[in-house]
Amino acid sequence: MIEELPTLSDVNYDGKSVLMRIDINAPIVNSEILDTTRFKSHAGTIKELENTKLVLIAHQSRPGKEDFTTLEKHAEVLSKIINKDVVYVDELFSSRVLKKIREMNVGDVILLENVRFYSEETLKKTPEEHARSHIVARLSKYFDLYVNDAFSASHRAQASLVGFPVVLPSVIGRLVEREVTALSKALKSDGSKIFILGGAKISDSVKVLKNVLLNRIADKVILTGVVANYFLMLSGIDIGERNAKIVEDNKEDVNDEEMEKILEKFGEKILLPRDFAVELDGERRDLSIDEFLKMDEKPLIKDIGIETIREFADVISNYDIAVINGPAGVFEEEDFALGTFEILRAVSKTKFSVVGGGHISTAARLAGLENRVSHISTGGGASIRFLSGEKLVALEVIKKYWREKWSRYSHRL
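Cut-offs applied
- Residues numbered from 1 in each chain as written.
- Predicted model: local features only at pLDDT ≥ 70, side-chain atom pairs only at ≥ 80, totals over all residues.
- Heavy atoms only, no water.
- Patch = residues over 30% accessible without salt bridge, like charges linked within 9 Å, V, L, I, M, F, W, Y side chains within 5 Å.
- Areas by Shrake-Rupley, 256 points an atom, 1.4 Å probe, with all protein chains shown as cover.
- Salt bridge = Lys/Arg side-chain N within 4 Å of Asp/Glu carboxyl O.
- Lys, Arg positive; Asp, Glu negative; His and termini not counted.
- Charge placed at Lys NZ, Arg CZ, Asp CG, Glu CD.
- Helix = DSSP H or I, 4+ residues; strand = E, 2+ residues; numbered from the N terminus.
- Axes fitted to C-alpha atoms, helices over the stretch in contact; angles between N-to-C directions.
- Parallel < 35°, antiparallel > 145°, perpendicular 65-115°, else oblique.
- Left-handed = near helix turned anticlockwise from the far one by under 90°.
- Contact = heavy atoms within 4.5 Å.
- Nonpolar A, V, L, I, M, F, W, Y, C, P; charged D, E, K, R; others polar.
- Phe/Tyr/Trp six-rings, centres within 6.5 Å; stacked < 30°, edge-to-face > 60°.
- Buried < 20%, exposed > 50% of the residue type's maximum accessible area, 1.4 Å probe, protein only.
- Core = buried A, V, L, I, M, F, W, Y, C linked by side-chain atoms within 4.5 Å.
- Arc of directions from axis to C-beta.

## Thoughts on a negative patch on the surface
Then, in step 1: Among the surface-exposed residues, Asp281, Glu283, Glu334 and Asp335 lie close enough to one another that they form a single negatively charged patch.
Then, in step 2: Assignment of secondary structure puts aspartate 281 in the loop between strand S12 (275–280) and strand S13 (283–288).

See below:
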C-alpha cells in the first residue's frame, strides 16, 4: 500500500486476465510519433505483468484535434520498446474484441482502440454512472483485475479511468506508484523545501503556490517565466505592453487582489527575478530591471537574466528538497535556454529533486539531466493537481473501493 493505494504487491496476478489503463498520448506529426517517453515509462509495469493475459487501453488526443487518431502506430512503438508483440485491435468492446480476449494465452498483450473514439468515455458522470457504461459493463466481465498505470490522466473522471474500480478489484501500476511516492515525499517529508514555479500557465503555478505557502510546506518559492512577470506587475513594475499582454492572456481566473495579499503576507518567502534576458539586434542581452524600465519600447522578456540565474542557483543549493515546474524562459531557443537549464542543474544537486511534467520535463532531458534528478513526472496536469493538494479522482476511486469492497482480495485474486 502506498498512501492508502493498493499496488501490484497487494494482489496475486500470475495467470490472471488483467485490464490496464496506460497513457501513451504523444505528439504526432505526419503520422509519426515524436516522443516515446510515456511509452517507456510503462515498460516496467508491462514487464512485471508478463505472466498474465494483458489487455491495454489508452487514449490519443481528443475529438477535433489533428492528432486524434487510432492506436495502430502506438502498438508498433510499444512492441519495440518492450521487445514483445503488442497486438492492436481496432475496436473497443465489440463481439470480435471479446472473442479475442477470451482466446488469449498467458503472455499475450493486446492494445485496444483509442478509448476516446467511444463518446461515453468523456461524459461528465460519477464513477458509479461510468461503471454502467457500455465499455465498462462489457469489458469488465472478462477480467480478474484492473490496473491504473496512467498517472498523467488520473485527474480525469472518465469511464476508462474511474468506471472499472467500481466493478473490478483495482490497484495502481508501478508508474503511478513511483509518481505518488515521489510527489508525496516532496510535499510531506522532513527537510527544507524550495519550489521553483515558472512557465506560461499562471493559474497552475498559483495553485501550487497557494498550497505550499498557506499550508507551510515550502520554505522558499522562486518564480520565473510568465508567472514571475505577473507578480512583478503586481509589485508595480512596468514590464511593457507586449509582456503584459502575454500575462493577461495566461491569467485565466487568477484573482489579482488575492495574489497581492499572498505577495504581502509571504513576500519574504517569494523570490522574483532581478534581471531579464531579451533579444536586441538578433542577440541575447541581459538587462537589470532598472535598465529595462528605462527603455521606451520594452522588448519581449525571453529568459531570466544572468544575475538572477546566479542568485537562484545559489539559493537552491541551501535546500534539501527542490521541486521545479515550468521553464524559466523560451528554452526552445538556444540563446534563451540558459535560465531553464542552469536552474535545472541547481535543482539536480539537491538531496531530493522533482521535475514536473510537460515542458520542464522536456527541458530536463534536453539538458542531459534525466538521470541526475530524483524524479521526472510524466503528468503535467496531474502533477500540478497533486502538488496543489488536490485529489486525483481516478486514484481516489481505487482507494475508496479497495477500502469498501476489494481489500478482501488482497494476495488471493
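Now that the structure is up, let's keep going.
## Section: the packing of helix H9 (residues 202–214) against helix H12 (residues 256–266)
Then, in step 1: Orientation of H9 relative to H12, taken along the N-to-C sense of each, is 40 degrees, at an axis distance of 12 Å. Judged by the inter-axis angle, H9 sits oblique to H12. Crossing geometry of H9 relative to H12 is assigned as left-handed. Listed contacts from H12 to Val206, Leu209, Lys210, Leu213 and Leu214 of H9 are Glu258, Met259, Ile262 and Phe266.
Then, in step 2: Its residues assigned to classes, the contact of H9 with H12 comprises 7 nonpolar, no polar and 2 charged.

## Let's talk about the packing of aromatic side chains
Then, in step 1: For the structure shown, the criterion picks out 5 aromatic pairs.
Then, in step 2: Relative to phenylalanine 117, the ring of phenylalanine 68 lies with its centre 5.1 Å away and its plane at 75 degrees, an arrangement referred to as edge-to-face. One end of the pair, phenylalanine 68, is in the loop between strand S4 (53–57) and helix H3 (72–82); the other, phenylalanine 117, is in the loop between strand S6 (109–111) and helix H5 (127–130), and 49 residues separate them in sequence.
Then, in step 3: The class for phenylalanine 68 is partly exposed, based on a relative accessible area of 23%.

## Some words on the pattern of salt bridges
Then, in step 1: This structure, assessed with the given rule, holds 29 salt bridges.
Then, in step 2: Salt-bridge contacts for lysine 302 lead to glutamate 279; the nearest nitrogen and oxygen are separated by 2.8 Å. Separated by 23 residues along the polypeptide, lysine 302 in strand S14 (residues 301–304) and glutamate 279 in strand S12 bring together distant segments of the chain.
Then, in step 3: Look at glutamate 279 and you get partly exposed, because its relative accessible area is 36%.
Then, in step 4: Between glutamate 390 and arginine 385 there is a salt bridge, with its nearest N and O atoms 4.0 Å apart.
Then, in step 5: Of the residues examined, glutamate 390 reaches a relative accessible area of 35% and is grouped as partly exposed.
Then, in step 6: Three or more residues joined by partner-sharing salt bridges are found here, namely Glu48, Arg174 and Glu177.

## Things to note about the nonpolar core
Then, in step 1: Phe195, Val221, Leu223 and Phe231 are the most contacted members of the largest nonpolar core, which totals 55 residues.
Then, in step 2: Sort the elements by how many residues they give to this core and helix H10 (residues 225–234) lands first, with 7 residues.
Then, in step 3: Residue contacts for phenylalanine 231: discarding those within four places in its chain leaves Val206, Leu209, Leu223, Met259, Leu263 and Leu272.
Then, in step 4: Listed in part, the 38 residues of the second largest apolar core include Leu8, Leu78, Val109 and Leu111.

## Thoughts on the side chain of threonine 224
Then, in step 1: Locating threonine 224 in the fold gives a position in the loop between strand S10 (220–223) and H10.
Then, in step 2: Given the relative accessible area of 1%, threonine 224 is considered buried.
Then, in step 3: Contacts of threonine 224, omitting those with residues within four sequence positions, involve Ile196, Leu197, Gly198, Gly199, Ile304, Phe312, Pro327 and Ala328.

## A few points about helix H11 (residues 241–249)
Then, in step 1: Buried within H11 are the following residues: Asn243, Ala244 and Val247. In an axial view of H11, the angular spread of the buried residues amounts to 100 degrees, which keeps them on one side of the axis. Within H11, the exposed residues directed more than 90 degrees away from the buried face are Glu241, Lys245 and Asp249.
Then, in step 2: The inward-facing, buried residues of H11 contact H9, H10, helix H13 (289–293) and S14.

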